[in-house]
Amino acid sequence: MTRLDPVWTSLLYLAAAVFFILALRGLSSPRTARRGNLIGAFGALLAVVTVFLSARLDNIPWIIGAIAVGTAVAAPVARRVQMTQMPQLVALFNGVGGGAAALVALLELSHTADPWVRVAIVFTLLVGAVSFAGSGVTFAKLQELMTTRPVVFPGLPVVMAAVLLAAVGTAGAVVLTGSPALAVLLMVLGLAAGALLVLPVGGADVPIVISLLNAFTGLAVAASGVVLGNVLLVVAGTLVGASGSILTRAMAAAMGRSVAGILFGAFKGGSTAGSTAVSERPVRSSSAEDVAVLLGYAQRVIIVPGYGLAVAQGQHTAAELALALEARGIEVDFAIHPVAGRMPGHMNVLLAEANVPYESLKEMGEINSEFRMADVALVVGANDVVNPAAKTSSGSPIYGMPILEVADARQVIFLKRSMRPGFAGIENELLYEPQTSLLFGDAKDSLAKVLGAVKAL
Amino acid sequence: MDGMSLLTVTVLAVFVGFEVVSKVSSTLHTPLMSGANAIHGIILVGAIIVAGQAAEPWILAVALLAVVLATANLVGGFVVTDRMLHMFRARKDVASGGAPVQGAPLNQSTGKEDPK
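These numbers were taken from a predicted model, which means no experiment stands behind them.

(A) Representation of the overall build of chain A. Within chain A, the regular secondary structure consists of 17 helices and 6 strands. Every one of the 457 residues in chain A was classed for burial, and the buried ones make up 59%. The contacts of chain A with a sequence gap of at least 6 include a subset with a gap of at least 24, amounting to 77%. Surface exposure of chain A reaches about 17500 Å², of which carbon and sulfur atoms provide 64%.

Here you go:
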C-alpha cells in the first residue's frame, strides 16, 4: 500500500483540527449543538483514516480488532445509559482517555533520548494517571459505589504533599535516566495523587471536578502530541484543555464556588462536609390529597425539580402533572437551577427527555422574581438549590451559591424521600417554616399519587 | 515540527479554546463538557501510531490496551453527547410542531401527542 504524501497528511490533520474548533463552537449554542457534535465526530473519523493511510503501521489487524473491541464496549453503554447516570459515564470516558494518553507516553519513552521530549513524556504520564484515577474515584462517588461525602483523614495534606514531591523527584529522574521502571513508578504516584485529589471533594462539587479532570486529560493529550510530533494531538488536546478550564470556572461560578476552594477546601475543612444526621425537629407532613387540593385550586404553580426527581425517573410523571394542572387553567412553570441534577444543565436534558416544552423551563434569573406571585412552589427531590442557608449563613458550605427563592411563594411543598439532608449534607431551614409542608416518599410514587388526586378533584 | 512552531501552535490553540466557549449558557455546560471529552479521545491516533510501531508482544499488548481505551473515549463520548443533544432537538420539534404561538401554554404544545 502506498502511503499518503506528508503534505496531504498535514493538510488532513489540519482539516480535522479545524473541525474540532467548529465542533466546540457549535456546542456552545443550543441551535447548532447537535451539528457541532457531528462535525467533531467527523473530524475524529477523518483523523483516524488519515493515520491509517499515512503512518508506517504494523499489526494493522490487531489495531482494527482493538478499535472494534473499544467500540463494541463503549457504544452500547453510551446508547443505553440512563440519562441520570450520564455524569458518571462522562467521567469514565474521560478517565480512560487519560489512561490511554499515559500508556502512549510510557511506550514512547524508549524511542527518545531528547530531554525535552522526555519532559513531555513525564507530564503526560503524570497528568494522564491523575485524570484516570481521579475520574475513577469520581465515577465511584456518582455511582454511589462509595460514600458521596468528602473522605478526609488526619494527615491527608501531608500524604498529598509527600506523593507530589515524590512524583516531581521521580519525574526528574525519568527525564535524566529514561528508565522505564521509574516511569511506571511515576504512573503509580500519579494514580495515588489523582485519588487523593478527588477523595476529599464533597458530592455537590463532583461535577466541577469532572470538568477539571476533562481539561487535565486534554493537556495530557496535547503533551503526548509533543512526544509523537503530531500537531493534531497538540491542537486538539490544547483546545480541550483551554476550553475545559473556562468551562470549569463557569460551572464553579454558577454554584458560587471557586475551583481552588473546591479542591483544597477539604484540606482546610471548608468543603461541603456535612452530616448524615437526621433531625428530630417537627415538620408539617401532608398527604397526597392535601397536596392535590393545594395545587388544584392554585392559580400559579412553579415546580422545582431536583436530582431526586431524576433518580426516581419521575420526570415523565412531573410532565403529566403539569399537563393535568394546566388543563384546570393553572399556570405552571418549571424553575431550573443551573446546577439542578448533578451537572450544570443536567435537568434541562432530563425534562427535555420527558417532552416538557422549552417555554415552560425557566432559568433561575427569569423565574426568581415570579415566586412571590406563585401560590404554590412544588419542590420535587431538590434540596440544596433552594436552601436559604446559601444566603443567610456565612459558615455554611454552600454559602454564596445563588438559590431559587421558593420561600417567597405562598405555600411550599417538598416531595422528599426522607428527612436526610441533600447531596451537600446540610440542613434546610425552609423545611421547618410555617408555609412549608412535606410529602414523604419516592418522587415518582408521590407525583403519581398527587396526579391521581388532582384528576379526582 | 520544531519546538518553536509547536509552541506557537499551542499558544494559539489556547486562545482559540478560550474564545470558542467563552459565551456558553449554563444549559449547555453538560453537553459541551461531554463533547470536549469526546474530542480528547483523539489520543486514539497516538495509540494507533504506537501500536503500529510495536515490535515486542508486551509493547503491542500495552499499546492495544491504549487503543481500546482511546476508542472507548472517542466513540462513547460522541455517542453520549449526541444522545443528550437529541433530547434538546426533540423538545424543539414538539415546540415547533405542536404550538403555533411562541410561549403557548403546556397543554397546547404537547396535548395532542399526549391525550392523558
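(B) Molecular detail of the pattern of salt bridges. Residue and element names in this part refer to chain A. If you walk through the whole model with that rule in mind, you get 8 salt bridges over all chains. For the salt bridge of Asp 333 with Arg 300, the shortest nitrogen-to-oxygen distance reads 3.1 Å. Of this pair, Asp 333 sits in strand β2 (residues 331-336) while Arg 300 sits in strand β1 (residues 300-305), and the two are 33 residues apart along the sequence. The exposure class of Asp 333 is buried, given its relative accessible area of 5%.

(C) Structural context of the interface of chain A and chain B. In this complex, chain A contributes 105 residues to the contact, which on the side of chain B involves 84 residues. Summed over both partners, the interface of chain A with chain B buries about 8400 Å², with 76% contributed by carbon and sulfur atoms. When the buried surface of chain A facing chain B is broken down by residue, Arg 34, Leu 107 and Leu 323 of chain A rank first, second and third, together holding 9% of it. Put simply, chain A and chain B have 1 salt bridge between them. For the salt bridge of Asp 82 of chain B with Arg 34 of chain A, the shortest nitrogen-to-oxygen distance reads 3.0 Å. The tally of links from chain A across to chain B stands at 15 residue pairs in polar contact (both at pLDDT 80 or more). Per element, the largest residue contribution to the side of chain A that touches chain B is 15 residues, and it comes from helix α9 (residues 231-254) of chain A. Class assignment for the residues of the side of chain A that touches chain B results in 67 nonpolar, 24 polar and 14 charged.

(D) Region of interest: the packing of aromatic side chains. One pass over the structure, following the stated rule, counts 2 aromatic pairs over all chains. When the centroid spacing of 5.3 Å and the interplanar angle of 80° are considered together, the rings of Phe 19 of chain A and Phe 42 of chain A count as edge-to-face. In this pair, Phe 19 of chain A is assigned in helix α1 (residues 6-27) and Phe 42 of chain A in helix α2 (residues 33-54), connecting sequence segments 23 residues apart. Taking the relative accessible area as the measure of exposure, Phe 42 of chain A reaches 45% and is therefore partly exposed. For the ring pair Phe 15 of chain B and Phe 18 of chain B, a centre distance of 6.2 Å and an interplane angle of 80° mean the geometry is edge-to-face. One end of the pair is Phe 15 of chain B and the other is Phe 18 of chain B, both in helix α1 (residues 3-20) and 3 residues apart, which spans about a single turn. Accessibility expressed as a relative area gives 53% for Phe 15 of chain B, which makes it exposed.

(E) A look at α2 of chain A. A rise of 1.5 Å per residue sets the reference length of α2 of chain A, with its 22 residues, at 32 Å; its end C-alpha atoms lie 31 Å apart and thus fit the reference within 8%. Residues of α2 of chain A that are buried: Ala 33, Gly 36, Asn 37, Gly 40, Gly 43, Ala 44, Ala 47, Val 48, Thr 50, Val 51, Phe 52 and Ser 54 of chain A.

(F) Structural context of the packing of helix α4 (residues 86-108) of chain A against helix α3 (residues 43-53) of chain B. Closest axis-to-axis distance for the α4 of chain A/α3 of chain B pair is 9 Å, and the angle between their directions is 35°. Between α4 of chain A and α3 of chain B the crossing geometry is left-handed. In this structure, α4 of chain A contributes Gly 97, Ala 100, Ala 101, Val 104, Leu 107 and Glu 108 of chain A to the contact, and α3 of chain B contributes Ile 43, Gly 46, Ala 47, Val 50 and Gln 53 of chain B. Counted by class, the contact of α4 of chain A with α3 of chain B contains 7 nonpolar, 3 polar and 1 charged residues.

(G) Highlighting the side chain of Thr 71 of chain B. Here Thr 71 of chain B is to be found in helix α4 (residues 57-98). At a separation of 2.6 Å, a polar atom in the side chain of Thr 71 of chain B contacts the main-chain carbonyl oxygen of Val 67 of chain B. With residues up to four places along the chain from it excluded, the contact list for Thr 71 of chain B reads Ala 66, Ile 67, Gly 70 and Thr 71 of chain A together with Leu 44 and Gly 76 of chain B.

(H) Spotlight on the confidence of the model for chain B. Residue and element names in this part refer to chain B. Looking at chain B as a whole, its pLDDT mean stands at 78, while 74% of the residues score no less than 70. Across chain B, α3 holds the top mean pLDDT of 96, while helix α5 (residues 106-110) sits lowest at 37. Under a pLDDT of 50 for its full length, residues 90-116 has, in the predicted model, 41 contacts with residues more than four places off or in other chains.

(I) Layout of unusual backbone geometry. Of note in the backbone geometry, Asn 59 of chain A takes a positive phi value of approximately 60° without being a glycine. Checked against the element boundaries, Asn 59 of chain A lands in the loop between α2 and α3 (60-80).

(J) Region of the structure containing the pairing of strand β6 (residues 436-440) of chain A. Residue and element names in this part refer to chain A. For β6, a buried count of 4 out of 5 residues is recorded, marking the element as mostly surrounded by other parts of the structure. Across 5 bridges, strand β5 (residues 411-416) lies against β6 in parallel orientation. Considered in β6, the bridge of Ile 413 is made with Ser 437.

(K) The sheet that holds β2 of chain A, seen in detail. Residues and elements named next belong to chain A. Taking strand neighbours across the sheet as the criterion, the 6 strands line up as β3-β2-β1-β4-β5-β6 in an open arrangement whose pairing is parallel. Either end of the sheet is taken by a strand with one partner, and the two such strands are β3 (361-363) and β6. With strand direction ignored, the average angle separating the axes of adjacent strands in the sheet is 25°. Taken together, the 3 bridges between β2 and β3 define a ladder with parallel strand orientation. Across the sheet, the residue bridging to Ala 335 is Lys 362, located in β3.

(L) Layout of the environment of Tyr 432 of chain A. The topology assignment puts Tyr 432 of chain A in the loop between β5 and β6. A C-alpha to C-alpha distance of 7.2 Å links Tyr 432 of chain A and Pro 282 of chain A, two positions 150 residues apart in sequence.

(M) How the structure looks around helix α5 (residues 115-142) of chain A. Residue and element names in this part refer to chain A. In this model, α5 (28 residues) spans 40 Å end to end at C-alpha, consistent with the 40 Å of a helix rising 1.5 Å per residue. In terms of residue burial, α5 counts as a mostly covered element, since 20 of its 28 residues are buried. By the N-cap criterion, in which a side-chain oxygen at the helix start approaches the backbone nitrogen of a residue two or three places on, α5 is capped by Asp 114, the distance to Trp 116 being 2.8 Å.

(N) Fine view of the packing of helix α8 (residues 206-228) of chain A against α3 of chain B. The interhelical angle for the contact between α8 of chain A and α3 of chain B, taken along N-to-C directions, is 35°, at an axis separation of 10 Å. Classified by chirality, the crossing of α3 of chain B by α8 of chain A is left-handed. Facing Val 221, Ser 224 and Leu 228 of chain A of α8 of chain A, the residues of α3 of chain B in contact are Ile 43, Gly 46, Ile 49 and Val 50 of chain B.

What counts and what doesn't
- All residue numbers here refer to positions counted from 1 along the written sequence of the relevant chain.
- Written order determines the labels here, with chains lettered from A and ligands numbered from 1.
- Selection of residues for local features in this predicted model requires a pLDDT of at least 70, selection of side-chain atom pairs for listing and counting requires 80 or more, and totals for whole chains, interfaces and linings are taken over all residues.
- As a convention, hydrogens and water are excluded, and side-chain values are obtained from all of the structure's heavy atoms.
- Helix numbers and strand numbers start at the N terminus; a helix is a DSSP run of H or I with at least 4 residues, a strand a run of E with at least 2.
- The buried label goes to any residue with under 20% of its type's maximum accessible area, the exposed label to any with over 50%, and the partly exposed label to all in between, with areas taken from a 1.4 Å probe on protein chains only.
- For this analysis, residues touch if any pair of their heavy atoms sits within 4.5 Å.
- Calculation of accessible area relied on Shrake-Rupley with a 1.4 Å probe; when residues are assessed, cover is drawn exclusively from the protein chains displayed.
- A side-chain nitrogen of Lys or Arg and a carboxyl oxygen of Asp or Glu constitute a salt bridge if their distance falls within 4 Å.
- Put simply, buried area is how much 1.4 Å-probe accessible surface two parts lose in total, over both of them, once they are put together.
- Nitrogen and oxygen atoms within 3.5 Å of one another constitute a polar contact, given that in protein one can donate a hydrogen and the other can accept it, and given that sequence-neighbouring residues count only through two side-chain atoms.
- In this classification, Asp, Glu, Lys and Arg are treated as charged, Ala, Val, Leu, Ile, Met, Phe, Trp, Tyr, Cys and Pro as nonpolar, and every other residue, Gly included, as polar.
- Pairing of aromatic rings covers Phe, Tyr and the six-membered ring of Trp, with a centre-to-centre limit of 6.5 Å; geometry is then stacked below 30 degrees between planes, edge-to-face above 60, and tilted otherwise.
- Helix span, expected: 1.5 Å multiplied by one less than the number of residues in the helix.
- For helices, the fitted axis covers only the stretch in contact; all axes are lines through C-alpha atoms, and the angles between them, taken along N-to-C directions, range from 0 to 180 degrees.
- By definition, turning the near helix anticlockwise from the far helix through less than a right angle yields a left-handed crossing, and turning it clockwise yields a right-handed one.
- As a per-residue measure, pLDDT reflects the predictor's confidence and takes values from 0 up to 100.
- Pairing between two strands is assigned when DSSP locates at least 2 bridges connecting them.

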